[in-house]
Amino acid sequence: MKITTKSLSALKTERPIVAVTAYDTPTAQYADAAGVDLILVGDSVGTTQLGFETTVPVTVDMMLHHTAAVARARPKALLVADVPFTLAHDDFSSLLHACRRLLQEAGAQAVKIEGGAALAPTVVRLINAGIPVLGHFGLLPQNVHQLGGYRKFGRSEAEKSALVEDALALEKAGCFAVLCEMIDGTVAGAIAGELKVPLIGIGSGPHCDGQILVCNDLLGLNAGYVPSFVKQYANLGAATQKAFADYAADVRNRKFPS
Ligand code: KIV
């Protein structure tokens, strides 16, 4: 049965939620056949597929292109598309227009937006307009140039209270779930206990209501930096390179075609 924002929220009290990113049709088909609950077309498409160093250059057109490719897999999993850099801070009608296109043209069921309590009023307006929102707080990779790098959040008392405030504000705004990135595991556990909606974590320890990983990281299909919290379940990078090398050798040795 197709997973909806409502059925995903209800999983909180049943079992851990499994989420993963995908950016193309075949990867989405494999993830969906494996039974994941949520597929995110993350703006990590920029770093994992498009050769950018950060997610900052990713545009709405890129998100539409990749979200539509994933939607063509017709996944049972809930399909969520990322709202790219600074759009949520642009004028509301530009944001609404982009979110509407992600749902209407590309086939997403919901959007994810980076931003904590300060973004809650915008989230309320989107939800009132019929756009389901997955919140995202903690490390906000789109702010990488402001942060000067990626780091863990929630080690100081001030940061802990700010994280709790972010999570509660996003829930109050109407998010059907919230994602926390790189926050202290104990703080994540406490927040998951306070929220009624699911808390999906990445690099935030085992006490969240679910986990999300970037598909290239878990598949070992990442020639660049892999965060230390990632568990690699395959080494497709090495397997891919070997397949190309075997093919090249066969052609050069006149073994293929036989
Ligand atoms: O774009 C992305 O891949 C993300 C991760 C936190 C899953 O936002």
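Residues numbered from 1 in each chain as written. Predicted model: local features only at pLDDT ≥ 70, side-chain atom pairs only at ≥ 80, totals over all residues. Heavy atoms only, no water.

1. Re the packing of aromatic side chains
Short version of the rule: For Phe, Tyr and Trp, where Trp contributes only its six-membered ring, two rings pair if their centres lie within 6.5 Å, and the inter-plane angle classes them as stacked under 30 degrees, edge-to-face over 60, or tilted in between. We call a charge positioned over a ring when the NZ of a Lys or the CZ of an Arg lies within 6 Å of the ring centre and within 35 degrees of the ring normal.
Within this structure, the stated rule accounts for 1 aromatic pair. We note R151 situated over the ring of F153; from NZ or CZ to the ring centre the distance is 4.0 Å.

2. Quick notes on the pairing of strand β6 (residues 177-181)
Applicable threshold: Burial classes: relative accessible area under 20% of the type maximum marks a residue as buried, over 50% as exposed, and values in between as partly exposed (1.4 Å probe, protein chains only). Numbering of helices and strands starts at the N terminus; helices are DSSP runs of H or I of at least 4 residues and strands are runs of E of at least 2. DSSP-based pairing: two strands are paired if at least 2 bridges between them are found.
Among the 5 residues of β6, 5 are classified as buried, and the element is accordingly described as predominantly covered. On β6, burial covers both faces: A177, L179 and E181 on one face and V178 and C180 on the other are all buried. Bridge count for strand β5 (residues 133-138) against β6 is 5 bridges, and the pairing is parallel. Its bridge partner lying in β6, H136 is registered against L179. Pairing between β6 and strand β7 (residues 199-202): 4 bridges, direction parallel. Along β7, the bridge assignment pairs E181 with I202.

3. So, the site of the ligand
Selection rule: A cutoff of 4 Å decides nearness: a residue is near a molecule or strand if any of its heavy atoms lies inside that distance of it. The term polar contact refers here to a pair of N or O atoms within 3.5 Å; inside protein, the definition further demands a hydrogen-donor-capable atom paired with an acceptor-capable atom, and it admits residues adjacent in sequence only when both atoms are side-chain atoms. Shrake-Rupley sampling with a 1.4 Å probe provides the accessible areas, and residues are treated as covered by the protein chains on show and by no other component. A cavity, in this analysis, means grid points on a 1 Å lattice covering only the protein atoms where a 1.4 Å probe fits yet has no way out; a pocket is instead an open set bounded by protein on both sides within 12 Å along at least five of seven lines, and a residue lines either one if it has an atom within 4 Å of a point. Each molecule is checked against the cavity or pocket grid, and it sits inside if more than half of its atoms lie within 2 Å of the grid points.
Around the ligand lies a shell of 13 residues, among which D43, S44, D82, K112 and E181 are the nearest. Within the side chain of D43, one N or O atom sits 3.0 Å away from an oxygen atom of the ligand. Between an oxygen atom of the ligand and a side-chain N or O atom of S44, the distance comes to 2.5 Å. With the chains in place, 96% of the 260 Å² that the ligand exposes on its own is no longer accessible. Counting atoms within 2 Å of the grid points, the majority share of the ligand lands in the largest pocket.

4. A closer look at the environment of D37
Definition in use: Here, residues are in contact when the closest pair of their heavy atoms is within 4.5 Å.
By the element assignment, D37 lies in the loop between α2 (25-33) and β2 (38-41). As a C-alpha pair, D37 and A19 span 18 residues in sequence and 5.8 Å in three-dimensional space. Setting aside chain neighbours within four positions, we find D37 in contact with I3, L8, L11, R15, P16, I17, V18, A77 and L78.

5. Quick notes on the side chain of E171
For the record, the criterion: We count Lys and Arg on the positive side and Asp and Glu on the negative side, and we leave His and both chain ends out. Each reported salt bridge corresponds to a side-chain nitrogen of Lys or Arg within 4 Å of a carboxyl oxygen of Asp or Glu.
By the secondary structure assignment, E171 is in helix α8 (residues 157-173). There is no salt bridge for the buried E171, and the closest opposite charge comes from K196, which lies 4.7 Å off by N-O distance. Within polar-contact distance, the side chain of E171 engages the backbone nitrogen of K196 at 2.5 Å.

6. Some details on the pattern of salt bridges
In total, this model carries 8 salt bridges according to the counting rule given. Across the salt bridge formed by R101 and E105, the nearest N and O atoms sit 2.9 Å from each other. The partly exposed category is assigned to R101, whose relative accessible area is 24%. Between K160 and E157 there is a salt bridge, with its nearest N and O atoms 3.2 Å apart. Placement of both K160 and E157 in helix α8 is noted, with a separation of 3 residues, approximately one turn of the helix. Within this structure, D61, R101 and E105 form a network of salt bridges that share partners.

7. Overview of unusual backbone geometry
Cis rather than trans, the peptide bond between F256 and P257 has omega equal to -5 degrees. Relative to the elements of secondary structure, P257 occurs in the segment after α11 (236-252). Backbone geometry places R254, a non-glycine residue, at a positive phi of 55 degrees. Within the secondary structure, R254 is located in the segment after α11.

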